[in-house]
Amino acid sequence: MRLDPIDLRILEAVQRDGRITKLALAQKVGLSPTPCWMRLRKLEKAGIISGYHAKVAIRALAPIATVLMEVTLASHRQADFDRFERAIRDIPEIVACWSVGGGVDYVLKVMARDIDAYQRLVDALLEREIGIDRYFTYIVTKTVKEEIVLPMAELLPEQP
């Protein structure tokens, strides 16, 4: 799907405020409400907008531990990757998992009540025998930047 500058402005606006009204969105992107709403619906139907979410400041509720974890699997057959990925999808504390190239196979973002809870999660993963050979733990001590708004203009190729 080809996006024009108005589509990009719509995407940027709804990323910043998923609860923006039709009228406010139309004003922000420089369209009348009906064409703006039709464009928004087109972006949703195309799967470019995949949902609307609230950002919860969990640390306002409890002192949560955020941990990054590198994982290397013992074997590198497709079945090994599939088994690991199936297991990871079912664990709610693992809030992100990326398959990566380089010296490790996966990088995970884990949010746990505390470091003890994180270690219990790791112990349970190892007991399940899902192919983990090695893992490395990095405890997040401070969040310097964590964007939820994608820089659309910088990421997409220039449109003619």
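What comes next concerns the included structure. (Residues numbered from 1 in each chain as written. Predicted model: local features only at pLDDT ≥ 70, side-chain atom pairs only at ≥ 80, totals over all residues. Heavy atoms only, no water.)

**Observations concerning the pattern of salt bridges**
The full count for this structure, using the stated rule, is 9 salt bridges. Arg 83 is the partner of Asp 80 in a salt bridge, and the nearest nitrogen-oxygen pair spans 3.6 Å. Taken together, the residues Asp 80 and Arg 83, both in helix α4 (residues 78–89) and 3 residues apart, mark about one turn of the helix. By relative accessible area, which is 5% here, Asp 80 ends up buried. Judged by its relative accessible area of 33%, Arg 83 is partly exposed. A single network of salt bridges, built from pairs that share partners, joins Asp 4, Asp 7 and Arg 39. (Salt bridge = Lys/Arg side-chain N within 4 Å of Asp/Glu carboxyl O. Helix = DSSP H or I, 4+ residues; strand = E, 2+ residues; numbered from the N terminus. Buried < 20%, exposed > 50% of the residue type's maximum accessible area, 1.4 Å probe, protein only.)

**A few points about the pairing of strand β3 (residues 106–112)**
With respect to burial, β3 is a largely interior element, 5 of its 7 residues being buried. Pairing of strand β1 (residues 65–73) with β3, which is carried by 7 bridges, proceeds in the antiparallel orientation. In the strand pairing of β3, Glu 70 is matched with Val 107. Examined bridge by bridge, strand β2 (residues 94–99) and β3 share 5 bridges and lie antiparallel to one another. Looking at β3, one finds that Ile 94 is bridged to Val 110. Counting the residues in the hairpin turn of β2 and β3 gives 6 residues, including Gly 102, whose phi is positive at 115°. (Pairing = 2+ DSSP bridges.)

**A short note on the sheet that holds β3**
Within a beta sheet, neighbouring strands are joined by backbone hydrogen bonds and run either parallel or antiparallel to one another. Within the open sheet, the 4 strands sit side by side as β2-β3-β1-β4. Their pairing is antiparallel. The open sheet terminates on both sides in strands that have one partner only, identified here as β2 and β4 (132–139). On average, each strand axis in the sheet is inclined to that of its neighbour by 20°, with strand direction left out of account. Together, β1, β2, β3 and β4 form the strand contacts of α4, whose direction differs from that of β3 by roughly 15°. (Axes fitted to C-alpha atoms, helices over the stretch in contact; angles between N-to-C directions. Contact = heavy atoms within 4.5 Å.)

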